[in-house]
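# Per-entry structural report
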Amino acid sequence: MKNNRKNRDAFKEHSFWQSYSDMMAALLLTFVLIIAITLSIYRQKTSDLEQTRVELDRSRSELEQSAADLERYQAEIEKSNQELERSLTELQEANAYSQMTQTELQNAYAEIESARAQLDSAYSEVDSARAELAATKSELQDIVGIRTDIIQELQNTFSNSSMQVDPQTGSITFSSDVLFRYNSAKLTTESQAVLKEIIPLYLAVLLQDSYRPYIAEIIIEGHTDTDGSYQGNMELSYNRANAVAVFCQDSKNGLTTQKIQQLRELLTVNGRSYSDPVYQAGSSDIDMAASRRVEIKFRLREDEMINKITEILNQE
């Protein structure tokens, strides 16, 4: 009878450990699956951000260099602090064994306190600089991927159109030969129909609520070939860009009054003469027809952020 009871107890103990082992195996399998899914999502997100990270490498390098400079500055301050502490110790020891007058000793303490105040001020400046760099880096990280998202949406918008969106900048280009007659800055009737089809689609993407806070500037830029004088082409290129800008701001051409007001807050018109010609593929010869063009592009706030970082680095 006792043997049977012992056998039953042994069997129960074995079943308990077997169940416990099965449960741990299930938990381990679940954990592995979670890791696998997490790695899959991470790889997908990493692939999407790879292009944008290339653009931020230079900015991050400058941030890292600035951080290194701040670390070195702090090390120098700490070294100065140690020297001040050593000087204070020496002064205290000298006070015990010398005939220094009370006035001289008080003056020495006052100098040390002044040095301490300067040191505290230096630490405060370092902390302030660190905070500003951290805020700038955080703001840059907030707009990671915005340019890629905008360009992707522009490409999707014009996927069924003959208009090509530059995959690097998101700009679109109109041939001046299509928009204007020779040496003229007046839009032709045919070109107005083309602009009325393209412009509202392009600006609708840039001015939508999810992107507009990140847009620093919308630029309409005119370019010419190298025939004629630089100044004459400068006037012609500006007048052509301005003609497109005026067309965009006419409510009859596709934009609502609200969108036109938003556009005016961001719009810049430039004439570039022949300062940025287009060259024939694989050649140093200028492609005269391709050089005569009007470009519409945008600039993000991240460009302003890079300028802000440069200012901080120059101050340091």
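Quick look at the structure, then. As the structure is a prediction and not an experimental result, all values here were calculated from the model. (Residues numbered from 1 in each chain as written. Predicted model: local features only at pLDDT ≥ 70, side-chain atom pairs only at ≥ 80, totals over all residues. Heavy atoms only, no water.)

Within the protein, the regular secondary structure consists of nine helices and four strands. Ordered by position from the N terminus, the helices and strands of the protein form the series α-α-α-β-α-α-β-α-α-β-α-β-α. For the protein, buried positions account for 30% of its 316 residues. Considering only residue pairs separated by 6 or more positions, the protein has 75% of its internal contacts joining residues 24 or more positions apart. Total accessible area on the protein stands at roughly 20100 Å², and carbon and sulfur atoms take up 50% of it. (Helix = DSSP H or I, 4+ residues; strand = E, 2+ residues; numbered from the N terminus. Buried < 20%, exposed > 50% of the residue type's maximum accessible area, 1.4 Å probe, protein only. Contact = heavy atoms within 4.5 Å. Areas by Shrake-Rupley, 256 points an atom, 1.4 Å probe, with all protein chains shown as cover.)

Another aspect to go through is the sheet that holds strand β4 (residues 293-300). Pairing is mixed across the open sheet formed by four strands, whose spatial order is β1-β4-β2-β3. Of all the strands in the sheet, the pair left with one neighbour each is β1 (172-175) and β3 (267-271). Sheet twist, expressed as the average angle between the axes of neighbouring strands with direction ignored, equals 20 degrees. Direction of pairing for β1 relative to β4: antiparallel, over a ladder of four bridges. Considered in β4, the bridge of Ser-175 is made with Arg-293. Against the sheet, helix α5 (residues 189-206) engages β1, β2 (215-223) and β4, with an angle of about 165 degrees to β1. With respect to the sheet, helix α6 (residues 230-248) is in contact with β2, β3 and β4, its orientation differing from that of β3 by roughly 155 degrees. (Pairing = 2+ DSSP bridges. Axes fitted to C-alpha atoms, helices over the stretch in contact; angles between N-to-C directions.)

Here we come to the packing of aromatic side chains. Under the criterion given, the structure shown has one aromatic pair. Here the aromatic rings of Tyr-230 and Tyr-274 are separated by 5.3 Å at their centres, their planes lie at 85 degrees, and the arrangement is edge-to-face. A residue pair is termed long-range when its members are at least 10 positions apart, and Tyr-230 in helix α6 and Tyr-274 in the loop between β3 and α8 (288-291) qualify at 44 residues. (Phe/Tyr/Trp six-rings, centres within 6.5 Å; stacked < 30°, edge-to-face > 60°.)

Moving on, we get to the side chain of Ser-191. For Ser-191, the position within the fold is in helix α5. From its side chain, Ser-191 meets the backbone oxygen of Thr-188 in a polar contact 2.7 Å long. Leaving out residues up to four positions away in the same chain, Ser-191 has contacts with Val-178 and Leu-179. (Polar contact = N/O pair within 3.5 Å; in protein donor to acceptor, adjacent residues only side chain to side chain.)

Pairs may arise between side chains of opposite charge once their charged atoms sit close together. One pass over the full model with this rule turns up ten salt bridges. Across the pair Arg-72 and Asp-69 runs a salt bridge, and its minimum N-O distance is 2.7 Å. You can see Arg-72 and its partner Asp-69 sitting in helix α1 (residues 2-97), three residues apart, about one turn around the helix. The class of Arg-72 is partly exposed, set by a relative accessible area of 47%. Judged by relative accessible area, Asp-69 falls into the partly exposed class, the value being 25%. Between Arg-116 and Glu-85 there is a salt bridge whose closest N-O contact spans 2.9 Å. (Salt bridge = Lys/Arg side-chain N within 4 Å of Asp/Glu carboxyl O.)

You can see Ser-171 is positioned in the loop between α3 (146-157) and β1. We classify Ser-171 as buried; its relative accessible area is 8%. Within the local environment of Ser-171, its side chain forms a polar contact with the side chain of Thr-169, the two groups lying 3.0 Å apart. In this structure, Ser-171 is in contact with Gln-164, Val-165, Asp-166, Tyr-202, Ile-296 and Lys-297, ignoring residues within four places of it in sequence.

Only one face of β3 is buried: it carries Leu-267, Val-269 and Gly-271, and the other face, with Thr-268 and Asn-270, is open. Strand direction decides the pairing type here: β2 and β3, joined by five bridges, are parallel. Note on β3: the bridge partner recorded for Glu-221 is Asn-270.

For the pair α3 and α5, interaxial distance at closest approach is 10 Å and the crossing angle is 155 degrees. Considering the angle they form, α3 stands roughly antiparallel to α5. Our pair here, α3 against α5, has a crossing hand that is right-handed. Along the contact surface, α3 presents Ile-150, Glu-153, Leu-154 and Thr-157, while α5 presents Leu-201, Tyr-202, Val-205 and Leu-206. Considering only residue class, the contact of α3 with α5 consists of six nonpolar, one polar and one charged. (Parallel < 35°, antiparallel > 145°, perpendicular 65-115°, else oblique. Left-handed = near helix turned anticlockwise from the far one by under 90°. Nonpolar A, V, L, I, M, F, W, Y, C, P; charged D, E, K, R; others polar.)

We now examine the nonpolar core. Judged by nonpolar contacts, the single largest core of 40 residues is most densely connected at Ile-150, Phe-174, Tyr-202, Leu-203, Ile-220, Val-244 and Phe-298. Every element with two or more residues in this core is listed here: α3, β1, α5, β2, α6, α7 (257-266), β3 and β4. Those residues in contact with Tyr-202 that sit more than four places away from it in its chain are Leu-154, Phe-158, Gly-170, Ser-171, Ile-172, Ile-296, Lys-297 and Phe-298. (Core = buried A, V, L, I, M, F, W, Y, C linked by side-chain atoms within 4.5 Å.)

Within the secondary structure, Asp-227 sits in the loop between β2 and α6. Separated by 61 residues in sequence, Asp-227 and Met-288 place their C-alpha atoms 8.7 Å apart.

Time to look at α6. The end-to-end C-alpha distance of α6 is 27 Å, a good match for the 27 Å that 19 residues give at a rise of 1.5 Å each. Along α6, the residues that are buried comprise Asn-233, Leu-236, Ser-237, Arg-240, Ala-241, Ala-243, Val-244, Ala-245, Phe-247 and Cys-248. (Expected span 1.5 Å × (residues − 1).)

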